[in-house]
Amino acid sequence: MDQWVFPTTESLQAKVIAETDEKTLILTSGGRLARQLRHAFRWNQMTTGRSGWLFPKILSLNAWLQETWRHSWPEEALASTLTLFRLWEKTVNRFDLPEGLPADLRLFQSLDETFRVRIRDKVPWPSNEYASPIIAWRGELFREFEKNLARQGYLHPAVLPLKILEQKTFSSLNPSQKIFLLGFEFPAPVEADLLNVLQKKFGAVFCSTSPSPEPELKAVSLPTEEEEVVWLAEQILLETRHHPLHRIGLVVPNLSLYGPLIASAFRDLMGPSVEEEEGRYNISLGRSLWDQPLVQAGLLPLRFSLEGEPRALLFSLLQSPYYKRWAGRSVQLARADLLWRTQGIDSGLEGLLQCLIHHNFLALSGDDVSETPLASLLYPLGRPRQSVPQWVESICRCWKDLGYPVISLPGEEGSYNHLEEILNQMAVELKDEIMDGLRFFSWLKTLAGQTLVNDPGHEQAGIQVLGLIEARGLAFDRLFLAGLSKGSLPQPVRPFPFLSPEERRFVQGATIQSQYDFSRKAFSHLLTLSPRITLTRAEEENGDPVPPSPFWPEHYEKGERNFWIRPGQVWPRAEWLRQTLEGIPDFPVPHPPSDIVGPSFPAKALSRQSPLQRARVEKDPPPLTGISVTAVETLLACPFQFFCANLLGIVPLEEISAGISSLEKGNTLHRILALITRTLRAEGVSLTDRPAVEQRVRHCIQEVLKDKAHQPHWLVEEVRLVGEEEGLGGLLGRWLELERERWEKGWRWEKEEIPFSGLRLPDWSFSIKGRIDRVDSNESLEEACCWDYKTGRLPSPGEISKNFLAPQLPLYLLALKSLPDLRSKFVKVRQAGFVALKSEGELALKQPLPQSGDWETCLADWEEAIRLAGEKILKGEYPPAPKPEPRGKNQGACTYCPYRCLCAYWKV
């Protein structure tokens, strides 16, 4: 009998194990099934009372091929991935590449994959008369590659089944021994030839399954992938009440998409996958070594040298928890990064370290005598060319002196071991190669990307989460099959750019039909893994509807899982959800609440019941003094924002931006303008004297920028200010032209950067302080005008005279009018305006209320607006009340608010 067919994999495994003894050979399609059969055989021997026994040979087909090949004492060695890439590179370099095709590792990978499938799928060579230029080029390349393999004594792994088919390699097999073949529902043609020989010559038995009758099937669709995973996690945990964990399986055809979501949900509900010897769940999907944080951190020194020595990468290196050298210095690191950004140093190791040394950050710069200087460690990684062993030695020495790696998470030690293995392999197999840094990095990145690292877990314990191929031949009491939407089963056609359309017909997965045929058999096999199976799918992806898989049943349920509304029995196990739900039942809190908070301020400024809903202080708090004009603007825009920023002192972190920040650029331009007006006025230079004005303006710019002269971004900014041509152009040239027009009308610069404080009218509960950018005067007109420099958006006239949201100009005028130090006797009319400095095209001197009478009415209204704002402060209430109020997509005063995470306005 050469074929067994069973209705379930459970019955198939039981039959095979019952017929197996120590002389039996069992070949499986994958290593996971082989390991499960070994475990089942061990358990069967123990239950039958045998205390000692010999194991049968239970191997995956690939493992058996390699073992058989080694025992045949071959003359050729199996080529490693690194050896294959090196031979592809040497072969490609001997040919002229088709136009637009770069000779890089991606090309070598694609060529090697094409070479493999041509052998595995027995793709015939095309006749020369019908071959396209690219196919003809590929044919010559493949023939030369095979010659290079033979010359150096290597064998391509894809050829191994063909070699084993030679009669001499079967000498280890006994015609009388039992041979079982499991999990080969869809073998590649070259594998099928080998299995057929084992069947016909040695009596091997094909063991397969056919669902008869079909299992109990249930299908549930959910709105999104996230909700699908939430629902699945809950159902799986409920099943643990009735079945052992290892007897529950979750098969996911698209495990790369669903794997992270499932891992996150399981961690929330069950904690880590392995705790001591206990296995709770096992996710078979391996992440590439390149994606591991430990590996990303380890290659920071090399990337820093290759990518132009940017500040961001050096800071990442300094703050990485995988380096012991700077452990416990997070505060110093933050100060160092702030110092670099303040100084505008964006790259260059020498400049970055010199800045730290100059400001006494010796421990960070590596200038400590007890440590190897950082520069000497990074210098070898910046060499133009060196041998591969030298590259490996340089990076390993750097790691050792910097205390890398600091292992803190389960599985990271294995990741580091894999990384060491790759580096050692490169040092041995590429010992004669001389490379530049970019080429070495690309080879290392490619090998790391091809190395899969599994999360900790046990195949014999815990809930099993598997891909489609790994599930072959396994058996479960309860099975879930997730993600049955279009694109998962069957999966998209595999791209093979170096195969012709005729050749694709022979390759499994290269056509729609072959992918469908494979998926149909795979789905039929999945129905034999368990007596009870639940299918799930998501109806949408990124808001777009997704059609179901062709294997999705006609009758199904529509499900919904929202743990915020109905947490159910399982999800309260998640600590973060339980803590959140405990705080939600009392929301929303009545506003204002009836309780009165004690007299302490500001420690008890927030209500105990609702710290986000409103801020309430004692009944008669002490009067606030010296509120800045900017703080008044914040108070008018939103009292809660004023409370957070000015009373609690919560300051948002400064955003890291490339180049010069808008704030620093604006402050510097203010200083330049103030120095220009002060210098020209003090020296009595007329604006009509263009050469003298130009000379002094350039001198003022150089004076303000003297500490920034070597920084590229400021060199560009200087060109923006004065232009590239001779003479004075750019933003400042245009500004002087406008000022010259006012000069000719009798206006003169009176003062600049004028500080004031103590501005307080009788009805106000607080005083105001500020600084006026500039005041002009015109004696003939008996007028004065104060100006506010604006490098950003200009407030509209309505924000000043109607909505009372822009207090700068009104408060400056009130200061000129009310404070004795700023009052001028000859002035009868006072005006105000903005100098728009955002760009040269938008530069203008704008007066929002050109009529003096308009200002008199406006100031009277502002006095009342400030009085009303003061009354709110006296009451001690700071509710979230943004002005302008958000409407639709326009978020009004909340657009740039940094306190939205604290504010209850968005939670009502």
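A. Local environment of the overall build of the chain. Across its full length, the chain carries 32 helices and 28 strands. Since a compact globule built from 908 residues should have a radius of gyration of about 29 Å, the 38 Å found for the chain marks it as more spread out than a globular shape. If you line up the chain on its principal axes, its C-alpha atoms span 120 × 70 × 60 Å. Every one of the 908 residues in the chain was classed for burial, and the buried ones make up 47%. Restricting to contacts in the chain with at least 6 residues of sequence separation, those with at least 24 account for 73%. Side chains of the chain carry 104 positive and 115 negative charges; the gap between the two charge centres is 2 Å.

B. Highlighting the packing of helix 24 (residues 629–637) against helix 31 (residues 808–818). Direction vectors running N to C along helix 24 and helix 31 enclose 135°, while the axes themselves pass 10 Å from each other. Regarding the angle of helix 24 to helix 31, the classification is oblique. The chirality of how helix 24 crosses helix 31 is right-handed. Where helix 24 abuts helix 31, its residues V629, V632 and E633 lie against Q808, L811 and Y812. Looking at the contact of helix 24 with helix 31 residue by residue, the classes come out as four nonpolar, one polar and one charged.

C. Geometry of the sheet that holds strand 7 (residues 205–209). As summarised here, the arrangement of the five strands in space is 1-7-6-2-3, forming an open sheet in which the pairing is parallel. Since the sheet does not close on itself, it has two edges, and those belong to strand 1 (3–6) and strand 3 (57–60), each with one partner. Pairs of neighbouring strands in the sheet enclose a mean axial angle of 20°, with direction left out of account. The pairing of strand 6 (residues 179–182) with strand 7 spans three bridges and is parallel. Opposite F180, over in strand 7, you have V205 as the bridge partner.

D. Fine view of the sheet that holds strand 22 (residues 557–558). Across the sheet, which stays open at both edges, the seven strands sit in the order 12-17-9-18-19-8-22 with parallel pairing between neighbours. Taken across any chain shown, the strands that pair with only one partner, and hence form the sheet edges, are strand 12 (281–283) and strand 22. When strand 9 (residues 248–251) meets strand 18 (residues 478–481), the two strands line up parallel, connected through four bridges. In the sheet register, L250 faces strand 18, and the bridge partner there is F480. Against the sheet, helix 9 (residues 225–239) contacts strand 8 (216–222), strand 9, strand 17 (463–466), strand 18 and strand 19 (532–538), and its axis sits at roughly 160° relative to strand 19.

E. Spotlight on the environment of W125. Within the secondary structure, W125 is located in the loop between helix 5 (105–120) and helix 6 (133–151). For W125, a relative accessible area of 41% puts it in the partly exposed group. Between the alpha carbons of W125 and D193 there is a distance of 19 Å; along the sequence they are 68 residues apart. In this structure W125 touches R118, R138, G139, F142 and R143, once residues within four positions along its chain are discounted.

F. How the structure looks around the side chain of E234. One can find E234 in helix 9. Every residue in contact with E234, bar those within four places of it in the chain, is listed here: R561, P567, G568, Q569, V570 and W571.

G. Summary view of the side chain of Q515. In this fold, Q515 is placed in helix 22 (residues 512–526). Looking at Q515, the relative accessible area reads 9%, which means it is buried. Setting aside anything within four residues of it in sequence, one finds Q515 in contact with P490, Q491, P492, V493, R494 and G509.

H. Summary view of unusual backbone geometry. Of note, the bond from S212 into P213 is cis; its omega dihedral lies within 30 degrees of zero at -5°. Examined against the element boundaries, P213 turns out to sit in the loop between strand 7 and strand 8. A cis amide bond links K883 to the next residue, P884, at an omega of -5°. In this fold, P884 is placed in the segment after helix 32 (852–875). Of note in the backbone geometry, W73 takes a positive phi value of approximately 50° without being a glycine. Counting through the fold element by element, W73 comes out in the loop between helix 3 (61–71) and strand 4 (77–78). For E782, which is not glycine, the phi dihedral falls at a positive 55°.

I. Up close: empty space enclosed by the protein. In the structure shown here, the tally under the stated rule is six cavities of 30 Å³ or more. Surrounding the largest cavity, E185, F186, L468, I469, A471, R472, F518, K521, A522, H525 and L526 form its lining. The class makeup of the residues in the lining of the largest cavity is seven nonpolar, one polar and three charged. Considering the residues around the second largest cavity, the lining is formed by twelve residues, among which C638, P882, C894, C897 and C903 are closest to the centre. Residue classes in the lining of the second largest cavity are distributed as ten nonpolar, one polar and one charged.

J. Structural context of the pairing of strand 19. Burial within strand 19 is extensive, with six of its seven residues counted as buried. Here strand 18 runs beside strand 19; their pairing, made up of three bridges, is parallel. Looking at the pairing, L481 lines up with L535 of strand 19.

K. Highlighting the environment of E146. Within the secondary structure, E146 is located in helix 6. Distance from E146 to H156, taken between C-alpha atoms, is 8.7 Å for residues ten residues apart in sequence.

L. Structural detail: helix 27 (residues 690–704). The end-to-end C-alpha distance of helix 27, which contains 15 residues, comes to 21 Å, matching closely the 21 Å that a straight helix rising 1.5 Å per residue would cover. Here helix 27 has its buried residues at A692, V693, V697, C700, I701 and V704. Down the axis of helix 27, the sector holding all buried residues measures 165°, keeping them to one side. Exposed residues lying more than 90 degrees from the buried face of helix 27 are P691, Q695 and Q702.

Conventions adopted
- Residues numbered from 1 in each chain as written.
- Predicted model: local features only at pLDDT ≥ 70, side-chain atom pairs only at ≥ 80, totals over all residues.
- Heavy atoms only, no water.
- Helix = DSSP H or I, 4+ residues; strand = E, 2+ residues; numbered from the N terminus.
- Rg over C-alpha atoms; globule rule 2.2 N^0.38 Å.
- Buried < 20%, exposed > 50% of the residue type's maximum accessible area, 1.4 Å probe, protein only.
- Contact = heavy atoms within 4.5 Å.
- Lys, Arg positive; Asp, Glu negative; His and termini not counted.
- Charge placed at Lys NZ, Arg CZ, Asp CG, Glu CD.
- Axes fitted to C-alpha atoms, helices over the stretch in contact; angles between N-to-C directions.
- Parallel < 35°, antiparallel > 145°, perpendicular 65-115°, else oblique.
- Left-handed = near helix turned anticlockwise from the far one by under 90°.
- Nonpolar A, V, L, I, M, F, W, Y, C, P; charged D, E, K, R; others polar.
- Pairing = 2+ DSSP bridges.
- 1 Å grid on protein atoms, 1.4 Å probe; cavity = no way out; pocket = protein on both sides within 12 Å on 5 of 7 lines; lining within 4 Å.
- Points joined across faces, edges and corners; volume = space filled by probe spheres on them.
- Expected span 1.5 Å × (residues − 1).
- Arc of directions from axis to C-beta.

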